[in-house]
Amino acid sequence: LVKESLLHNLLESTLDSERVFPRQEAASYAVDGVVPQVVALPATVEEVAAVMCLASREDAAVIPWGGGTAMGLGNTPHRYDIALCLSHLNQVVEYEPADVTATVQAGKTLADFQRHLAEHGQVLALDPPLGQETTIGGILAVNASGPSRHAYGTARDLILGIRAVQADGRIIKAGGRVVKNVAGYDLTRLFIGSLGSLGIIVEAAFRLAPLPRAERTAVVFLPSAQEAWRFVAQTANLSLRAVELLNAVALRQIATVGEAAEDGYALVLAVAGEPTAVERSLKEIGELSRRAAAASLATVVESAQDRLWQAIASLARPSPSGATLVCKAAVLPSQVPALSQQIETTGRELGLEPLVVSHLTAGIVYSAWPSPQDEGVQRALDLTTTLRQAVAGLGGSLVVEACPLALKEKIDVWGEPAADFPLMRRIKEQFDPQGILNPGRFLGRL
Amino acid sequence: MANRELVRELQAIVGRDAVIYAPEDLLVYEYDATIERGLPGAVVLPTSAQQVSQVVKLAHRRGLPVIARGAGTGLSGGAIPVAGGIMVVMTRMARILEIDAENRLAVVEPGLVNLDLSTALSRYGLCYAPDPSSQKACTLGGNVAENAGGPHCLAYGVTTNHVLGLEVVLADGQIVWLGGKTADRPGYDLRSPVIGSEGTLAIITKIIVRLLPLPEATITLLAIFNEMEQASQAVSTIIGKGILPAALEMLDKLTMRAVEEAVHAGYPSDADAVLLIEVEGLRDSVGEQAEAVRAVCESTGAREVRIGLTPGEREALWAGRKGALGALGRLAPSYYILDGTVPRTKLPQVLRGVYQVGEKHGFPIANVFHAGDGNLHPNIPFDESQPGQVEKVLAAGAEIMRLCVDAGGTITGEHGVGMEKCDFMRWIFTDDDLEAMMRIQVAFASGQRFNPGKIFPTAIGSGEMAPGPRAVTRSLEPEAWV
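To keep things clear, this report deals only with the structure shown in the data block. Here the structure is a predicted model, which is why all the values come from computation and not from measurement.

What follows is about the overall build of chain A. Scanning chain A from N- to C-terminus turns up 15 helices and 19 strands. The C-alpha atoms of chain A give a radius of gyration of 22 Å, which matches the 22 Å a tight globule of 446 residues would have. Across its three principal directions, the C-alpha atoms of chain A cover 70 × 55 × 40 Å. Burial status across chain A gives 61% buried among its 446 residues. Sequence-distant contacts, at least 24 apart, represent 73% of the contacts inside chain A between residues at least 6 apart. As displayed, chain A has an accessible area near 16,300 Å², and 49% of this comes from carbon and sulfur atoms. Within chain A, one finds 38 positive and 47 negative side-chain charges whose respective centroids are separated by 4 Å.

Let's shift gears to the sheet that holds strand E9 (residues 171-175) of chain A. Residues and elements named next belong to chain A. The antiparallel open sheet is built from 5 strands, whose spatial order is E5-E6-E10-E8-E9. Each end of this open sheet is capped by a strand with a single partner; those strands are strand E5 (92-96) and E9. Averaged over neighbouring strand pairs, the angle between their axes works out to 15° when direction is ignored. The sheet contact formed by E5 and strand E6 (residues 101-105) spans 4 bridges and is antiparallel. Following the sheet pairing, Tyr95 is matched in E6 by Ala102. On the sheet, helix H2 (residues 45-58) packs against E6, strand E8 (159-165), E9 and strand E10 (200-207) and is oriented at approximately 50° with respect to E8. Helix H3 (residues 110-118) rests against E5, E6 and E10 of the sheet, and its axis sits at about 25° to E5.

With 83 residues of chain B at the contact, the number on the chain A side is 73 residues. Carbon and sulfur atoms supply 58% of the area buried between chain B and chain A, which totals about 6,200 Å² over both sides. For chain B, the biggest contributors to the area lost against chain A are Asp184, Tyr188 and Arg439 of chain B; these three give 14% of the whole. At the boundary of chain B with chain A, the tally comes to 9 salt bridges. Among the salt bridges present, the one from Lys180 of chain A reaches Glu414 of chain B, with a minimum N-O distance of 2.9 Å.

Residue and element names in this part refer to chain A. A complete count under the given rule lists 3 cavities of 30 Å³ or more for this structure. Considering only enclosed or pocket space, the largest cavity measures out at about 340 Å³ in volume. Sorting the residues of the lining of the largest cavity by element identifies E8, E9 and helix H7 (187-191) as the ones contributing at least two each. The greatest single-element share of the lining of the largest cavity, amounting to 3 residues, is contributed by H7. Across the lining of the largest cavity, the residue classes break down as 13 nonpolar, 10 polar and 5 charged. In the lining of the second largest cavity, the residues fall into 4 nonpolar, 1 polar and 4 charged.

Turning our eyes to something else, we now look at the packing of helix H8 (residues 228-240) of chain B against helix H10 (residues 283-299) of chain B. All names here are of chain B. With their axes 9 Å apart at the nearest point, H8 and H10 run at an angle of 140° to one another. On the basis of their axis angle, the class for H8 and H10 is oblique. In terms of crossing hand, the pair formed by H8 and H10 is right-handed. The segment H8 lies against H10, with Ala234, Thr237 and Ile238 engaging Val293, Val296 and Cys297. Its residues assigned to classes, the contact of H8 with H10 shows 5 nonpolar, 1 polar and no charged.

On to the sheet that holds strand E20 (residues 378-382) of chain B, then. Note: strands within a sheet are paired through backbone hydrogen bonds, in either parallel or antiparallel orientation. Residues and elements named next belong to chain B. Pairing within the open sheet is antiparallel, and its 7 strands lie in the order E15-E12-E14-E13-E18-E20-E16. Unpaired on one side and paired on the other, strand E15 (302-308) and strand E16 (334-337) mark the two borders of the sheet. Taken pair by pair, the neighbouring strands of this sheet meet at an average axis angle of 20°, ignoring direction. Relative to E20, E16 runs antiparallel, the two sharing 4 bridges. Among the inter-strand pairings, Tyr335 is bridged to a residue of E20, identified as Pro381. Packed on one face of the sheet, helix H11 (residues 311-322) meets strand E12 (217-225), strand E13 (247-252), strand E14 (273-281), E15 and strand E18 (366-369) and runs near 45° to E12.

What follows deals with the packing of aromatic side chains. In total, this model carries 6 aromatic pairs over all chains according to the counting rule given. On the numbers, 4.5 Å between centres and 15° between planes, the contact of Phe424 of chain B with Trp427 of chain B is stacked. Ring-pair connections join several aromatic residues into one group, and the members of that group are Trp414 and Phe442 of chain A together with Tyr188 of chain B. One residue, Lys392 of chain B, lies across the ring of Phe363 of chain B, its end atom 5.6 Å from the ring centre. Over the ring of Trp427 of chain B we find Arg402 of chain B, and its NZ or CZ is 4.8 Å from the ring centre.

Right, let's get into the layout of surface pockets. Residue and element names in this part refer to chain A. Roughly 890 Å³ of volume is contained in the second largest pocket. Lining the second largest pocket are 30 residues, and of these Gln114, Val123, Asp127, Asp306 and Gln310 lie nearest its centre. Residue assignment for the lining of the second largest pocket shows that the elements contributing at least two residues are H3, strand E7 (122-123) and helix H11 (305-313). Per-class residue counts for the lining of the second largest pocket are 15 nonpolar, 8 polar and 7 charged.

Residues and elements named next belong to chain A. Considering the arrangement of structural elements, one finds Gly196 in the loop between H7 and E10. Put simply, Gly196 and Gly138 are 58 residues apart on the chain and 8.8 Å apart in space, counted from C-alpha to C-alpha. Excluding anything up to four places from it in sequence, Gly196 contacts Pro64, Ala141, Leu437 and Asn438.

The rules behind these values
- Residues numbered from 1 in each chain as written.
- Chains lettered and ligands numbered in written order.
- Predicted model: local features only at pLDDT ≥ 70, side-chain atom pairs only at ≥ 80, totals over all residues.
- Heavy atoms only, no water.
- Helix = DSSP H or I, 4+ residues; strand = E, 2+ residues; numbered from the N terminus.
- Rg over C-alpha atoms; globule rule 2.2 N^0.38 Å.
- Buried < 20%, exposed > 50% of the residue type's maximum accessible area, 1.4 Å probe, protein only.
- Contact = heavy atoms within 4.5 Å.
- Areas by Shrake-Rupley, 256 points an atom, 1.4 Å probe, with all protein chains shown as cover.
- Lys, Arg positive; Asp, Glu negative; His and termini not counted.
- Charge placed at Lys NZ, Arg CZ, Asp CG, Glu CD.
- Pairing = 2+ DSSP bridges.
- Axes fitted to C-alpha atoms, helices over the stretch in contact; angles between N-to-C directions.
- Buried area = accessible area lost by both parts, 1.4 Å probe.
- Salt bridge = Lys/Arg side-chain N within 4 Å of Asp/Glu carboxyl O.
- 1 Å grid on protein atoms, 1.4 Å probe; cavity = no way out; pocket = protein on both sides within 12 Å on 5 of 7 lines; lining within 4 Å.
- Points joined across faces, edges and corners; volume = space filled by probe spheres on them.
- Nonpolar A, V, L, I, M, F, W, Y, C, P; charged D, E, K, R; others polar.
- Parallel < 35°, antiparallel > 145°, perpendicular 65-115°, else oblique.
- Left-handed = near helix turned anticlockwise from the far one by under 90°.
- Phe/Tyr/Trp six-rings, centres within 6.5 Å; stacked < 30°, edge-to-face > 60°.
- Lys NZ or Arg CZ within 6 Å of the ring centre and 35° of its normal.

Here you go:
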């Protein structure tokens with residue numbers, strides 16, 4: 001094991017001493033209760049490389065840290081010596097609005113980046129939870145997405161290239177800055193969603209999108225998730241940016257619009273694009289709701305839209321008290337109604353009221369369950385098992401995104417590894433042979 | 001040629017009629033759409049993933065490489081055997097296994113022809129977006145292997161954005177799924193590195209593709225410019241204004257002249273460039289978008305903008321673009337088709353450079369390309385039989401690639417690295433970058449087993465393949481286009 005003071009001293013000789021903190025000041029960088037020996041805040045890509053060189057030489061385990069919004073995701077780390085905080089890498093490296101592409105450092109917050117792009121009428125079409133705090137690097141590490149994925153896909157659809165620091169400190173680049181590029185293996189997309197376990201992304205180039213010229217939000221209240229799916233099936237051609245399905249609990253939480261039937265669902269639609277396309281789409285949504293059984297329709301005041309969508313994007317975040325179980329299921333879109341139903345039924349049986357919110361057309365269903373801390377881990381475990389079985393039966397996957405710590409000792413939060421896992425293990429061994437990057441936190445405790 | 005024992009073993013796996021080994025029959029499989037040549041030892045035409053797996057295992061036992069091939073329309077030598085071996089031709093695995101219209105996905109076999117999928121989908125009101133120019137012939141397996149693009153990738157993205165999952169045979173013969181029908185699968189995204197790996201990591205046996213609804217309305221515009229600079233300016237202005245057309249293609253003067261002789265598409269022979277622009281979407285808004293595009297073209301100096309509203313009118317405007325490469329093929333016995341991408345704002349500068357390179361080396365250069373993506377296809381007609389011409393054309397090609405790289409671009413936008421551009425890889429990647437890529441090949445344990453001699457410069461990796469002078473050149477079929 002690395003001597004704590006030694007590591008601190010070594011880091012101080014690599015970085016400015018103001019950017020190195022000892023364990024006593026590292027409590028806020030704990031992951032699953034494990035506090036690192038030292039916190040490093042490099043200010044340049046070269047300094048990130050220097051820290052990794054040192055970590056590799058000293059066999060010190062490193063956890064990269066962005067906005068810290070998703071640090072509860074993943075299994076409990078096997079070991080944790082250095083918190084590598086990227087918040088000082090917050091520059092826009094290159095932005096040519098006429099190319100509609102931009103290159104940005106990993107520590108920049110999404111909100112900062114968006115403000116910069118909005119000055120030129122452009123946007124990075126990603127709206128993950130907690131956009132104010134979350135960083136570009138963090139978004140890529142967990143492949144975070146939000147309601148906009150309906151129209152724009154995920155980071156893998158918007159990325160053009162990355163620079164990354166490898167476990168041994170060598171800096172590499174993959175992809176490039178142009179919108180079409182097939183030179184060499186696609187490391188870029190492999191690194192996205194790898195939870196910093198293959199290398200540390202320090203810079204990323206994206207294709208951007210023009211800000212839509214008009215946007216309106218419609219909320220359709222429907223008696224069941226099944227009705228919502230039938231409704232959405234008729235909107236294929238409309239100009240929609242987002243299609244979110246909220247159960248009554250979720251709707252109550254954002255509570256800025258209308259009234260939902262006790263056990264009904266709200267379909268929240270972002271209609272965006274050219275003004276004429278928005279107008280026509282809204283009209284058609286109106287007609288569809290008149291035809292749909294027992295539906296009612298509300299249109300959100302324009303000035304309240306942004307806040308509403310931020311709230312929806314962050315709905316399934318664990319409560320600050322940490323007393324929540326949050327599960328993310330991925331199934332076929334057509335299976336979302338059945339799964340939502342099953343979640344509600346399971347809730348009723350246990351006397352719980354889960355919050356359910358779905359990126360409907362992507363087949364992503366989040367459920368958040370109240371889970372009082374004084375209760376043992378058993379109920380969370382039973383719940384997870386029940387949901388996993390339901391989702392497995394549908395051929396999908398279920399990730400426990402937040403849970404009581406004790407549950408992490410009993411399950412792999414990512415689920416059971418599949419037949420492709422040996423290949424994943426070999427990839428990990430190739431990129432991080434010492435196992436110093438986020439050890440233990442990824443699928444199969446890689 | 002393969003020895004008798006090998007042939008017998010292959011026949012036992014795939015059947016007697018599915019093994020080709022006579023030298024004269026093998027000649028059909030020694031080339032793709034490039035001038036490269038390389039004979040496989042034997043060719044098999046499997047009908048199932050299990051057969052592919054057994055062939056891979058047999059090849060491994062015998063120390064022979066395996067080269068996967070689709071329709072052989074590739075433009076970088078990706079399907080050319082560099083060191084003999086067993087070629088696995090996927091054309092008998094060409095079924096559509098499932099169309100799930102509700103969830104907008106389809107499961108297909110790799111030998112399925114790209115256009116056949118979209119044709120089958122049209123009755124569901126759906127389409128598969130990537131439309132490589134060879135889509136009447138090229139296979140989806142080949143598209144995935146090369147991460148193929150096409151004119152409509154401007155709005156919808158390239159192959160990698162439309163593949164959800166792959167069933168593959170690994171180098172040890174194991175059949176495994178990478179990705180699948182549902183989104184955000186936990187673990188590493190192994191599907192992405194296989195897409196565009198040019199047959200070097202795994203052999204694809206099934207593909208799950210994402211489908212899109214057909215647009216409600218489409219309008220095609222043809223804008224004619226007296227000067228190339230004006231056309232380039234129009235491209236940057238359209239993109240920069242936040243208009244995202246479905247396609248934005250450019251043809252230059254030499255191309256137009258050839259097209260007029262061959263296709264009679266109605267292009268003026270004295271104009272310097274035309275832009276072919278397509279906008280798609282709701283009936284209510286495409287008109288406005290088309291109007292905005294027309295305004296930009298006129299403000300940047302277009303002397304005429306033609307508009308196609310009906311399928312017939314649109315087809316007529318596209319005819320020249322689609323016939324361009326075939327028409328250029330009539331200019332000279334051989335052809336060198338280049339493929340590079342630059343930032344869109346650098347198009348005017350790079351295009352100027354491209355013509356200068358042509359003048360310097362004494363070649364005419366015809367440009368017909370995906371302007372909206374900044375994806376250039378300079379074409380150099382030449383005569384292969386003239387001594388020294390191949391070397392000269394290669395030198396010109398290398399200079400043009402260099403221009404793309406110096407402008408912040410890349411050495412291939414959609415055709416792949418293949419055999420042609422291995423040595424250019426060092427222009428954009430360091431040894432460390434290339435080594436990181438090699439780690440993937442090591443993890444897949446596919447190094448000398450699958451399609452050796454591709455993508456990587458010779459000093460990286462195995463090092464033993466050193467193909468001689470090469471050129472992506474061949475006389476073209478009338479149907480060919482980039």
